[in-house]
Amino acid sequence: MTMRGPVLDKTSSPLTVDAESPALVPGSVGKLSAWIFTGEIPGAAWERIVREFEKSSGYRVQLTVYDSEEKYRESLRVALAERRLPDVFLIESTEAEALKQAGQIAPVEVTPGDAAEWVPGVLATFQRGDKTLGFPSEFTLLSLYYNTASFDRVGVAYPDVHWTWETLLGISQAIYRAPSNDQGEPLYSLELPLRFDVWQAFAAQAGGSLYDGTSWQVGTPKTLAAQVKSLTYLRDFLKRYVIVPRPPSAVSGKLFVQGRASMAIAGAELLRELRSRPDLRWGVAPLPKDENRSTVVKARGWTVSAQCTSPKDAARLARALATQPSRSNWLSAHAGPGASRSTAEQVFYSAAAYAQPLPFIATAPELERIINEELLRWINQDNPSPEAMIEWSQKLLK
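Here the structure is a predicted model, which is why all the values come from computation and not from measurement.

## Digging into the overall build of the protein
Here comes step 1: When you go through the protein residue by residue, the secondary structure sums to 15 helices and 16 strands.
Here comes step 2: For a compact globule of 398 residues, the expected C-alpha radius of gyration is about 21 Å, and the protein comes in at 23 Å, within 12% of that figure.
Here comes step 3: Counting only C-alpha atoms and orienting by the principal axes, one finds that the protein spans roughly 75 × 50 × 40 Å.
Here comes step 4: Burial statistics for the protein: of 398 residues in total, 55% are counted as buried.
Here comes step 5: Contacts in the protein between residues at least 24 apart in sequence constitute 76% of all its contacts with a sequence separation of at least 6.
Here comes step 6: Taken as a whole, the protein presents about 17200 Å² of accessible surface, with 52% of it coming from carbon and sulfur.
Here comes step 7: Distance from the positive charge centre (43 side chains) to the negative charge centre (44 side chains) of the protein: 0 Å.

## Side note on the packing of helix H1 (residues 43-57) against helix H12 (residues 311-321)
Here comes step 1: Direction vectors running N to C along H1 and H12 enclose 145°, while the axes themselves pass 10 Å from each other. Judged by the twist between their axes, the crossing of H1 over H12 is right-handed. Touching Trp-46, Ile-49, Phe-53, Ser-56 and Ser-57 of H1 are Asp-313, Arg-316, Leu-317, Ala-320 and Leu-321, all from H12.
Here comes step 2: Across the contact of H1 with H12, the residue classes break down as 6 nonpolar, 2 polar and 2 charged.

## A few points about the packing of aromatic side chains
Here comes step 1: Here the structure, examined in full by the defined rule, presents 20 aromatic pairs.
Here comes step 2: Between Trp-165 and Phe-202, the aromatic rings sit 5.5 Å apart at their centres with planes inclined by 45°, giving tilted as the arrangement. Residue Trp-165 is located in helix H7 (residues 165-175), and its partner Phe-202 is located in helix H8 (residues 196-205); the two are separated by 37 residues in the primary sequence. For the pair Trp-165 and Phe-202, one class covers both residues: buried.
Here comes step 3: Looking at Arg-300, its charged tip hangs above the ring of Trp-330, at a distance of 3.6 Å from the centre.
Here comes step 4: Sitting over the face of the ring of Tyr-349, Arg-341 holds its NZ or CZ atom 3.7 Å from the ring centroid.

## Observations regarding helix H15 (residues 386-397)
Here comes step 1: Here H15 spans 17 Å end to end across 12 residues, near enough to the 16 Å set by a 1.5 Å rise per residue.
Here comes step 2: Buried positions along H15 lie against H8, strand S11 (215-216), helix H9 (224-240) and helix H14 (364-379).

## Description of the pairing of strand S12 (residues 263-266)
Here comes step 1: The alternating pattern of S12 places Met-263 and Ile-265 on one face and Ala-264 and Ala-266 on the opposite face, and all of these are buried.
Here comes step 2: Here strand S9 (residues 143-147) runs beside S12; their pairing, made up of 4 bridges, is antiparallel. Bridging across to S12, Ser-143 finds its partner in Ala-266.

About the criteria used
Residues numbered from 1 in each chain as written. Predicted model: local features only at pLDDT ≥ 70, side-chain atom pairs only at ≥ 80, totals over all residues. Heavy atoms only, no water. Helix = DSSP H or I, 4+ residues; strand = E, 2+ residues; numbered from the N terminus. Rg over C-alpha atoms; globule rule 2.2 N^0.38 Å. Buried < 20%, exposed > 50% of the residue type's maximum accessible area, 1.4 Å probe, protein only. Contact = heavy atoms within 4.5 Å. Areas by Shrake-Rupley, 256 points an atom, 1.4 Å probe, with all protein chains shown as cover. Lys, Arg positive; Asp, Glu negative; His and termini not counted. Charge placed at Lys NZ, Arg CZ, Asp CG, Glu CD. Axes fitted to C-alpha atoms, helices over the stretch in contact; angles between N-to-C directions. Left-handed = near helix turned anticlockwise from the far one by under 90°. Nonpolar A, V, L, I, M, F, W, Y, C, P; charged D, E, K, R; others polar. Phe/Tyr/Trp six-rings, centres within 6.5 Å; stacked < 30°, edge-to-face > 60°. Lys NZ or Arg CZ within 6 Å of the ring centre and 35° of its normal. Expected span 1.5 Å × (residues − 1). Pairing = 2+ DSSP bridges.

Below, the structure written as structure tokens:
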């Protein structure tokens, strides 16, 4: 039987691309199942990978393709509750810890060649000690975007690897443009979102990371001074100097894309939006540093169900699927030979070498959401105290 190619399903039901029963297919060694969603990435891309895997492995793959990520997520939620997962499926790296503790996923075997095939700092988002819980397919991390016209206007050199916190503040004050008769709105110097990952990046730069792998480090004697320093710096930027939009106005580069901010701290997802604005001249640089250089990396990737009866072969399928990003607005985590990168993309790949994954803690995603909400309440107080924010976070994380 010839395998049908995945086609975008216009109904609410997923399209399942199946093969004959292994017992009826000469030379077939077994069957594996995989789930994915289509949309930005056409189903044909997944079909091609599956076909190549089938030829090299002798397996037949049952590929279920959902026509939206929302439907995929809902089906995955039900499958997790009922413990009837496909052999291979796509997850966020931040979900791996909870799935591992629930006994839902199995470690995958990493070969010596994987260090060269995947971006090292991104592969680390799925690694726990000597175990790897999946193969990353795409990633994003925080960097500094800048509008070259704003810097040319004041005769200042563009951001680079030498920038520090002091440089960022000084230049921000220089390039801010207040409202005028000709321009009713200000040209903000920096779009600075106040979120957990941004706080973590600055805290780690100051030498006081909010977590260390599987344990929280908020308010410890070793980290407290650096965490106060980072919050004070962010607070002053947002409250003391009237040069940046107040949260929650800053949303991952939206104002920057509109030409209303000269710089923005945002992830790789902003690249695609900027490429649709040929009238905007821009560049990307690493985040400025303090005591250290640091940023935060997030990834998605393919993992293997703990219920799979052929985990080693399923891991081979996961590895193959991970060579294709599931979304076009993040960067490929696959660093195989022949990879072509733009100058802007190379900034992200270089920063991945020192980027920190989010906490390897099962409850971290929900706690991150709560902290994000509290950070917005905190910054909008009349006199926000960094110590008070840290104390509140300590109580939440206990």
